[in-house]
Every structure is written in C-alpha cells, then in structure tokens.
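# Overview (structure and organization)
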Amino acid sequence: METIDVDRSDPEYRAWLKEAVRKVQADANRSADTHLLRFPLPEAWGIDLYLKDESTHPTGSLKHRLARSLFLYGLCNGWIRPGKPVIEASSGSTAVSEAYFAKLIGVPFIAVMPRTTSAEKCRLIEFHGGQCHFVDDSMKMYEESAVLAAETGGHYMDQFTYAERATDWRGNNNIAESIYQQLKLERYPEPAWIVATAGTGGTSATIARYVHYMQHDTMICVPDPENSCFFDGWTQGDPLASSDCGSRIEGIGRPRMEPSFVPGAIDRMMKVPDAASVAAVRALEKAIGRKAGGSTGTGLWSALRIVAEMVAEGRTGSIVTLLCDPGDRYLDKYYSDGWLAEQGLDITPYAETLDTFLETGVWPAR
Ligand SMILES: Cc1ncc(COP(=O)(O)O)c(C=O)c1O
C-alpha cells in the first residue's frame, strides 16, 4: 500500500495535503447530526423502536461517514496524492459518497461496480464527477480495482479492508456515540439491541466496539440477506466461507468474509429472506411515510422479530436499527412489482406476517 513516488517533504505537496484535510474536516463541521426516528408500536408493549436516519447525509447514505473516514485515513497515510485517481470497489453507495469527497479535494474518482447496480446510483456517481467502471462478476471488483490503481498510479481505497480501522470506533461522533447521545432523554436510554446490516461490516464493527468500550449492556444483531456468506461464516466460525452469487439487497451481503467484518464483536446474526426485506421496507413507508433502500428493510425485519420476542417474553426496552439510504435510488427495484416478479420474489406472506404482528403483537408461525 505504501507509495514512494512523491516527495513527502515537498512544500507544495504538504500545502495540498493540509488543504485537502481541511476541506474534508470542514464538510463534517458544516454537517448536522442525523435524526433518530421513532417507528410507531402499540404503547402497551412497552417497547420503543428507532431508526437512525442516515439518508440525510449530504450524499444520502450511511456511507458518507465511511467515505469521510476513508479519505482522511488515505490522506493522512500519504496514500491519496494530488492529480492521482482514487479507485473503489463498491456496490454503489460508498462510490456515491467517495465521488463527492474526491471532487471536494479535486482528485479523479473511478467506481468499480457490479453491472446490476441501480441506474440511479450510477447517475449520482457521475453527478459528483466520478466515473463508473462495471464488472459482470462481483467477485472481480477487488482485483479489477487493484489493476486500475496500478495502471493509473492511483489509490485503491479498499473499503472492505479499511472500513473497520479508518473509523474512530471509541467515539469522535461516530454513529454509535451519536445514537447514545440521542437516546439520553428517552425512557429506555440504553438500547437492548442495536441491529445493523453488513456490507463491509464496518458499521456493525464500529457500533459493537463502541458498546463494549463504553461498557453498555446492549447486544448487537447483524441480519444477513440471501446469497451472502456472512451468516454461515459467523455461525460456523469459518473465515473462508463464501457464496457464489451476488446479493440482491444492494449494499449488504457479500460473497466472501470481508476483512472489515468482525464476527467476534457480534452477539447474534439472523438470515433474512430477500422478499421479507422488501416487505419490511414497504411496511416502513406505511408506518412513517418514508421510502428506503432494501438494506433498511433487512434491518427492520430483524428488529421487528426481536420486538416480537420481547413482547412474547414480557420484556420492555428499546431497539435501534438504521435507515441506511433513501428509496428513490431503488424505484426500479424494491418498489417495482415488475422487478419482484422478474426475481421470483413473492412478498405477500411476509407483508401479512408484518401486518398480523403489528396488529396483534403475535408473530405468526409460518
Ligand atoms: C445501503 C447500504 N446499507 C448498509 C450497508 C452496510 O454498511 P457497512 O459497509 O458499514 O457494513 C451498506 C454498505 O455498503 C449500504 O450501501
């Protein structure tokens, strides 16, 4: 990773570096915190469910935090250099946010993505001045990114390796610290569970590490979509677990155990059918009037299942999950009945399960 083709003490480079770091920090300084929204549940259950709304970042997803951290890490390590491109392997959201930061500091950006990435995300990458480079096999993203970096003299950001270490997990306004701050005046300020899905695994690692470091009793659940190996890798303790096709839930679920996925920090995993993720994200719109991406549905389905367990056991408390990105990026996918039919996904039984549960408090056996 170390590159030596630039004189680190060159005053021109040092001035560029200072200015680039200032611009990235200034973006954070101009930003407000993201909201913690309430998902309405019957008062009598004594359970509060929240969604941390990460769609309100300037680039519309939780990846804005990661992209900022990766740019600061790459700049401070001397890996990102003036005039040289930044290259990233991404299923889209990270690339949208990184294209924004690349433009901010004035370096070119190339996103290496699966061909199935939603058209809207590609449009957003190009809107922020980035270039889209497609691969047919999502397993080839990593290799293709490294090749492009070598050919162009650029820097392969490699979110899947560096997400967990670029983020300051002990605090510094990371997502976990913000959640606990925002819960301070709630009736259950220490959540029983935080539910976070995994793409790189960086968000779940950051939250879990913070919870342990701060000595909270909160448990961490990571729900996993179909076609992802994280669940098998975690349950079987197998770092070499793999799957041979890409995830339909954009942003989450991976074909290999990513270096930033930290299994030991996670208390529980849950396999979530893709049709259940879509049913849940549509239920979210009915409940709070907001559309979100498929990964938000995966998290919400899992959070509601935990709520059901708590209701059944007569336990009270709070649960937090994430609203990862907005639904208008996926109108041609999770909000399209045509796409569902094409994919052979029937959401009806899952939608009925959610309706029954929210009406009666009983999770129907299927
Ligand atoms: C829409 C969306 N949700 C959730 C995640 C998971 O986040 P992480 O990479 O921190 O595991 C991602 C990551 O790409 C994403 O794009």
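Only a predicted model underlies this, so the values are computations on that prediction, with no experimental measurement involved.

The next subject is the pairing of strand β2 (residues 47-53). By the criterion of burial, β2 is predominantly enclosed, with seven of the seven residues buried. Residues Ile47, Leu49, Leu51 and Asp53 point to one face of β2 and Asp48, Tyr50 and Lys52 to the other, with burial holding for every one of them. Both strand β1 (residues 36-39) and β2 contribute to a ladder of four bridges, which runs antiparallel. When the bridges of β2 are listed, Leu36 appears paired with Lys52. As defined by bridge partners, β2 adjoins strand β10 (residues 317-323) across seven bridges and the pair is classed as parallel. Following the sheet pairing, Lys52 is matched in β10 by Leu322.

This part takes up unusual backbone geometry. Backbone geometry at Asp158 places phi at a positive 60°, although glycine is not the residue there. Within the secondary structure, Asp158 sits in the loop between β6 (155-156) and α6 (159-166). With a phi close to 60°, Asn227 is a non-glycine residue in the positive phi region. Assignment of secondary structure puts Asn227 in the loop between β8 (219-224) and α9 (230-236).

Let's shift gears to the domain arrangement of the protein. For an interface, size is often stated in terms of accessible area lost upon the parts coming together. Here the protein is described as being made up of domain 1 (29-57 + 170-358) and domain 2 (62-164). Each partner contributes to the interface: domain 1 provides 33 residues, whereas domain 2 provides 27 residues. The junction of domain 1 with domain 2 conceals about 2,300 Å² of combined surface from both sides, 49% of it contributed by carbon and sulfur atoms. When the buried area of domain 1 at its contact with domain 2 is split by residue, His57, Thr200 and Arg329 rank highest and sum to 25% of it. Linking domain 1 to domain 2 there are three salt bridges. Among the salt bridges present, the one from Glu164 reaches Arg209, with a minimum N-O distance of 2.8 Å. Remark: the boundary between domain 1 and domain 2 carries 17 residue pairs in polar contact (both at pLDDT 80 or more). Sort the elements by how many residues they give to the side of domain 1 that touches domain 2 and helix α8 (residues 202-213) lands first, with four residues. Classifying every residue of the side of domain 1 that touches domain 2 by side-chain character gives seven nonpolar, 12 polar and 14 charged.

Conventions adopted
- Residues numbered from 1 in each chain as written.
- Predicted model: local features only at pLDDT ≥ 70, side-chain atom pairs only at ≥ 80, totals over all residues.
- Heavy atoms only, no water.
- Buried < 20%, exposed > 50% of the residue type's maximum accessible area, 1.4 Å probe, protein only.
- Helix = DSSP H or I, 4+ residues; strand = E, 2+ residues; numbered from the N terminus.
- Pairing = 2+ DSSP bridges.
- Domains from an automatic or database assignment.
- Contact = heavy atoms within 4.5 Å.
- Buried area = accessible area lost by both parts, 1.4 Å probe.
- Salt bridge = Lys/Arg side-chain N within 4 Å of Asp/Glu carboxyl O.
- Polar contact = N/O pair within 3.5 Å; in protein donor to acceptor, adjacent residues only side chain to side chain.
- Nonpolar A, V, L, I, M, F, W, Y, C, P; charged D, E, K, R; others polar.

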